[in-house]
Amino acid sequence: MLENYNIYYSSGEKEEVTRQTLTLAFSTAVKEKIRNVLIPSTTGFSANIALLEVPDEITLIVVTHSHGYINNGESEFPKTLRDNLIASRHKLLTATHAFKGLEGYLQKKYGGISLSQAFADGLRVVSPGLKVLIEISVMACDGGILSVNDWIVSCGGPHRGLDTAAIIRPTTSHHMQHFRFARLICFPDTYIGGENNA
């Protein structure tokens, strides 16, 4: 039997789209009785917005870039926000990108093909946010913050902000065959219709 679920298409300013994405992610999680909502946050932009809107029954899990992602030994994520998240009922994970890590460094330094980067680029073709929401879920499972048995709502976006959300059942990086994608909640609208189709 086919069921009808709405997919929302996001467009507009980053802050407004991030708020709309979070609203849809949180409301879907509450409706579907999903406890965990996972988001990426590099500089704290998305985390700050999410912390203001997260419902009491939801645990927010924030995934940041690893220390040294840009500058060796430094974190892009603000220390005060990091401390506040650690002290709260929510969770914080700082980890190496599941689809990059050491292999990405070696490819950059010596050239050649990175299979994990090819996988990431395949997801990125559909949407950078889709790649991110899958990758951070794998990182959270690898870090022991998420169970591989639970459905979650995961969000992603390009660079700063969020524009994509989905219901998924994540897995660890060593068992990607067990990853399950259930439902797209929202997705960036990049379609330019009308006269631009010629």
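Right above here is the structure, for reference.
Bear in mind the structure is a predicted one, so any value in this text is a computation, not a measurement.

Criteria and cut-off values
Residues numbered from 1 in each chain as written. Predicted model: local features only at pLDDT ≥ 70, side-chain atom pairs only at ≥ 80, totals over all residues. Heavy atoms only, no water. Axes fitted to C-alpha atoms, helices over the stretch in contact; angles between N-to-C directions. Helix = DSSP H or I, 4+ residues; strand = E, 2+ residues; numbered from the N terminus. Parallel < 35°, antiparallel > 145°, perpendicular 65-115°, else oblique. Left-handed = near helix turned anticlockwise from the far one by under 90°. Contact = heavy atoms within 4.5 Å. Nonpolar A, V, L, I, M, F, W, Y, C, P; charged D, E, K, R; others polar. Salt bridge = Lys/Arg side-chain N within 4 Å of Asp/Glu carboxyl O. Buried < 20%, exposed > 50% of the residue type's maximum accessible area, 1.4 Å probe, protein only. Polar contact = N/O pair within 3.5 Å; in protein donor to acceptor, adjacent residues only side chain to side chain. Expected span 1.5 Å × (residues − 1). Pairing = 2+ DSSP bridges. Core = buried A, V, L, I, M, F, W, Y, C linked by side-chain atoms within 4.5 Å.

Trainee: Please clarify how the packing of helix H1 (residues 14–31) against helix H2 (residues 45–53) should be interpreted in this entry.
Mentor: When two helices pack together, their arrangement is given by the angle between the helix axes and the distance between those axes. Where H1 contacts H2, the axes come no closer than 10 Å and their chain directions differ by 45°. Looking at the two axes, H1 sits oblique to H2. You can see that H1 and H2 cross each other, and the crossing is right-handed. Between H1 and H2, the contacting residues are Lys 14, Glu 15, Thr 18, Arg 19, Leu 22, Thr 23 and Phe 26 on the first element and Phe 45, Ser 46, Ile 49, Ala 50 and Glu 53 on the second. The residue makeup of the contact of H1 with H2, split by class, is 5 nonpolar, 3 polar and 4 charged.

Trainee: In this structure, what is going on with the pattern of salt bridges? I would like to understand it.
Mentor: Between side chains of opposite charge, pairing is possible as soon as their charged atoms come close. The final tally for this structure, using the stated rule, is 7 salt bridges. The shortest N-O distance in the salt bridge between Glu 15 and Arg 19 comes to 2.9 Å. Placement of the pair is Glu 15 and Arg 19 together in helix H1, with a separation of 4 residues, close to one helical turn. In this structure Glu 15 comes out as partly exposed when scored by relative accessible area, which is 39%. With relative accessibility at 27%, the residue Arg 19 sits in the partly exposed group. What you see here is one network of salt bridges that share partners, running through Glu 15, Arg 19 and Glu 53.

Trainee: Where do I start with the side chain of Thr 171 in this structure?
Mentor: One can find Thr 171 in the loop between strand E6 (164–169) and strand E7 (180–188). Looking at Thr 171, its side chain comes within polar contact range of the main-chain oxygen of His 175, at 3.1 Å. Discounting chain neighbours no more than four positions away, the residues touching Thr 171 are Ser 137, Val 138, Cys 141, Val 148, Met 176, His 178 and Phe 179.

Trainee: Even after reading the chapter, I still don't get H1, so can you show me in this structure?
Mentor: The α-helix advances 3.6 residues per turn, and as a result positions three or four apart in sequence lie on the same side. Spanning 18 residues, H1 covers 25 Å between terminal C-alpha atoms, matching the ideal 26 Å at 1.5 Å per step. Of all the positions in H1, only Val 17, Thr 18, Thr 21, Leu 22, Leu 24, Ala 25, Phe 26, Thr 28 and Ala 29 are classed as buried. Lys 33 sits one or two residues past H1 and shows a positive phi near 60°.

Trainee: Just to check I follow, could you spell out the pairing of E7 for this structure?
Mentor: Within a regular beta strand, the side chains point alternately toward one face of the sheet and then the other, so they alternate between its two faces. Two elements, strand E1 (residues 8–10) and E7, share 3 bridges in a ladder whose sense is parallel. Bridged to Tyr 9 within E7 is Phe 187. Bridge analysis of E6 against E7 gives 5 bridges, and the strand direction is antiparallel. Paired with Ile 168 across the strands is Phe 181, a residue of E7.

Trainee: Looking at this structure, how should I read the sheet that holds strand E5 (residues 152–156)?
Mentor: Paired through backbone hydrogen bonds, the strands of a sheet run either parallel or antiparallel to each other. Spatially, E1-E7-E6-E5-E2-E3-E4 is the arrangement adopted by the 7 strands of the open sheet, whose pairing is mixed. With partners counted over all chains shown, the strands left at the sheet margins are E1 and strand E4 (91–94), one partner each. In this sheet, adjacent strand axes meet at a mean angle of 25° when their direction is disregarded. In the packing of helix H3 (residues 79–87) onto the sheet, the strands contacted are strand E3 (59–64) and E4, and the crossing angle to E4 comes to about 130°.

Trainee: I would appreciate a short explanation of the nonpolar core in the present structure.
Mentor: Soluble, globular proteins show a tendency: their nonpolar side chains are buried together. Formed by 26 residues in total, the largest nonpolar core has its most connected members in Phe 26, Val 37, Ile 39, Val 62 and Val 153. Of all the secondary-structure elements, those providing two or more residues to this core are H1, strand E2 (36–40), H2, E3, H3, E5, E6 and E7. It is H1 that provides the largest number of residues to this core, a total of 5 residues. In this structure, Val 132, Leu 133, Ile 134 and Ile 152 belong to the second largest nonpolar core, which totals 24 residues.

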